[in-house]
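Structure at a glance
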Amino acid sequence: DANDYVSSIWRFPADGAAPMQLTRGPGMDTSPRLSPDGKRLAFLSDRSGSTQVYLLDLAGGEARQVGQFASGASALRWAPGGKTLFVTAAHSVGPEAPVNAPAPEVCWKLPYKSDDVGYLLAREIHLHALDVASGESVQLTRGAFDVLGFAPSPNGRHIAYVRTRDGKFAHCTDLWVCDVDGTRHRRLTTNLSTVVGPCWSGDGTRIAFAGAVRAGDGESRAWVLAFPSGEPRSLDREMEVADADSMSWNDGDDSLTLVRAWHGRHQVVHLDVDSGRLKVLVDGDRQLCAFTRCAAGFAYAVDTPTRPSEVYICHEGKEHQAGSLNPWWDERTPLVLESRKFQVPDGKGATEIIEGWLLRKEGVTGAQPLLVDVHGGPASYALLDYDSNVFWQELCSRGWTVLMLNAVGSSSFGTEFCSRLSGHWGKLDLPQYLSAIESLRLDGTCDERVAIVGKSYGGYFTSWAIGHTDRFKCAVVMAPVGNVETHYGTSDGGYYADPLYMRTAPMFDRHKARELSPLQFIEQATTPTLFLQGKEDERCPKCQSEELFVSLYNAGDTPCELVLYPDEGHSFLGQGRPACRVDAARRIVDWVCRYVNAGVKPARRQEAHAELVR
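Since this is a predicted model, take the numbers as computed values, not measurements.

Quick look at the layout of surface pockets now. Taken as a whole, the second largest pocket encloses approximately 490 Å³ of empty space. Considering the residues around the second largest pocket, the lining is formed by 19 residues, among which Tyr386, Val390, Phe391, Gln393 and Glu394 are closest to the centre. At the level of elements, helix H1 (390–397) and helix H10 (578–595) are the ones that each hand at least two residues to the lining of the second largest pocket. Tallying contributions element by element places H10 first for the lining of the second largest pocket, with seven residues.

Structure, rendered in structure tokens:
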């Protein structure tokens, strides 16, 4: 009713006993961290109006705020002794605001903005030591950079932290270390573009983390560094880390446990640091949306479109569900998720096998209308979460089948498969999609009623597809890259990501950008198209949707609409305000159901004019 979110912290006993709710807000309670002795819980909450640190005695009592950070806290971790919390918090910087007017936003480096944040250079994020007893804090880092992740060493002497880079380009991150009193700051990595999630070995002699060599690379690998003098070493160049925060050292410090992305799925694995040998501990046709180690083994939450997200605990290879937070799901239409393989052209004159998912109502038979959902990235894979895909369940309950394909360019299938699409957006993956759809038509899964929907790169691909084929009865384009040339200068990450994906890095080739832009072909489209866009999107700014919509609208009589959501960013479909998410899901369902049965394509305006002249 308030068009907002509330979150609470729960405790799940490892023995399968009933879970217990520990906090009740109001607002968002997040980032729970147990103290080293297990008796207290530190967490973040915005119940006071800004995000602050709170402490809860698990023996009983109310949570109390500890300290006060003027611009709010963003992350926290306990020091080994349990007397101190390390906290990252924002600090306001920049010019004074004029009287009765907002301060000017001066841009002197890149990036100067970020999706869901906006203008970046009015604040810096720094590391602090917060005394739990007194609430007093000491700032440990200073400078024109942001601290984005950190971990105290087991002996309590050092803090490893990830920070943005000095100088002209601040999108790169490096691993640094300092003493716990904020002295002796040393940079540990120099040749990586991205570092995430530092994790100390038990003896404090090595630091593991996830990272990438190239700026904009969507595939993050596992690395280890001997502390204090070693160079970072990649542990497996073909293994993608799905969750950097999942990385933890095992007893003996000779192996790591982590969640990896593998063929569009998530696996919990043991990775031997010296040999690189892998042992899969947890597998399945699903993805994990959270992971943590616990005394009983490890715990995680599961993402699959056929079941609600719940907490699972795995001990000695045996998995059990810990409680049930979503009994309402059992009242809905049962769905079935099926893994499928397709033989498709590889773009090199031969064929290859690619994988995808089919989602449909349990027990359905015969040819059904097909929704093709194209994932973002493109260096990602079909995500199985519920939050961004509510319309899947609605359409499947009406008898639709949903195809989520991991075509060329998708990550988790090897570096060659992922990088092959660079410089060939649309050209290599569209034939694979059309081939997979034809396979489903021939085996009786679907008929000619095919709709397509996509967001971000999926929006790019959908726009490209309708400009190159009339195979789709209708389309929904969300937060797309429509014009690569303007995306380069208007997106928060376009200036480093687009040259990589156009395969022209480090330079940006405007001719290549125009050649691969859907905008150059959108006026050929006759597919009824709905455009959905967060108005404050800084990843794929609204001009990308506007250029496509205006061009398609003026090209002829093709039905098209543009919907802008005020105050929403790139993640409006899964993380926007509830009213926005409901509206978007309903519009998708209504649009594809309205037009999927359409038989006659409208004429393009140029053709209509030529006929009139004749």
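Back to the write-up after that little detour.
As a further point, take unusual backbone geometry. Here Gly377 and Pro378 are connected by a cis peptide whose omega angle stands at 5 degrees. You can see Pro378 is positioned in the loop between strand S31 (368–374) and H1. A positive phi angle, near 55 degrees, is found at Asp253, a position not held by glycine. Positive phi, normally seen in glycine, also occurs at Ser456, with a value near 65 degrees. Taking the relative accessible area as the measure of exposure, Ser456 reaches 14% and is therefore buried.

Counting across every chain of the model gives two cavities of 30 Å³ or more. Estimated volume of the largest cavity: approximately 50 Å³. Val374, His375, Pro378, Ala407, Val408, Ser410, Leu421, Asp429, Tyr433 and Tyr457 together form the lining of the largest cavity. Broken down by class, the residue content of the lining of the largest cavity amounts to seven nonpolar, two polar and one charged.

As enumerated under the stated definition, the model contains 34 salt bridges in all. Between Arg47 and Asp29 there is a salt bridge, with the nearest N and O atoms lying 2.9 Å from each other. Separated by 18 residues along the polypeptide, Arg47 in the loop between strand S4 (40–45) and strand S5 (52–57) and Asp29 in strand S3 (residues 29–34) bring together distant segments of the chain. Since its relative accessible area comes to 27%, Arg47 is described here as partly exposed. A salt bridge links Glu219 to Arg221, with the shortest nitrogen-to-oxygen separation between them at 3.3 Å. Classification of Glu219 by relative accessible area gives buried; the value is 4%. With a relative accessible area of 10%, Arg221 lands in the buried category.

This part is about the sheet that holds strand S7 (residues 73–78). Ordered by their spatial adjacency, four strands build an open sheet running S7-S8-S11-S12, and the pairing between neighbours is antiparallel. Taken across any chain shown, the strands that pair with only one partner, and hence form the sheet edges, are S7 and strand S12 (137–139). On average, adjacent strands in this sheet sit at an angle of 30 degrees to one another, irrespective of strand direction. Alignment of S7 against strand S8 (residues 84–92), held across five bridges, turns out to be antiparallel. Paired with Leu76 across the two strands is Val87, which belongs to S8.

Within S5, five of the six residues are buried, which leaves it mostly tucked inside the rest of the structure. Sheet analysis places S4 next to S5, joined by six bridges and oriented antiparallel. Each residue of the ladder has a partner; that of Ala42, found in S5, is Leu55. Pairing of S5 with strand S6 (residues 64–65), which is carried by two bridges, proceeds in the antiparallel orientation. Paired with Tyr54 across the strands is Gln65, a residue of S6. Between S5 and the antiparallel strand that follows it, S6, lie six residues; Gly60 among them carries a positive phi value of about 140 degrees.

Okay, the nonpolar core next. Across soluble globular proteins, you tend to see nonpolar side chains buried next to one another. Val372, Tyr460 and Phe461 are the most contacted members of the largest nonpolar core, which has 52 residues in total. In terms of residue count, helix H4 (residues 457–466) provides more of this core than any other element does, six residues in total. If we ignore the near neighbours within four places in the chain, the residues touching Phe461 are Val374, Asp429, Leu430, Tyr433 and Ile452. Phe391, Leu530, Leu532 and Val563 belong to the second largest nonpolar core, which has 34 residues in total.

Reading guide: rules and limits
Residues numbered from 1 in each chain as written. Predicted model: local features only at pLDDT ≥ 70, side-chain atom pairs only at ≥ 80, totals over all residues. Heavy atoms only, no water. 1 Å grid on protein atoms, 1.4 Å probe; cavity = no way out; pocket = protein on both sides within 12 Å on 5 of 7 lines; lining within 4 Å. Points joined across faces, edges and corners; volume = space filled by probe spheres on them. Helix = DSSP H or I, 4+ residues; strand = E, 2+ residues; numbered from the N terminus. Buried < 20%, exposed > 50% of the residue type's maximum accessible area, 1.4 Å probe, protein only. Nonpolar A, V, L, I, M, F, W, Y, C, P; charged D, E, K, R; others polar. Salt bridge = Lys/Arg side-chain N within 4 Å of Asp/Glu carboxyl O. Pairing = 2+ DSSP bridges. Axes fitted to C-alpha atoms, helices over the stretch in contact; angles between N-to-C directions. Core = buried A, V, L, I, M, F, W, Y, C linked by side-chain atoms within 4.5 Å. Contact = heavy atoms within 4.5 Å.

Shape is all these values report; function is a separate question.
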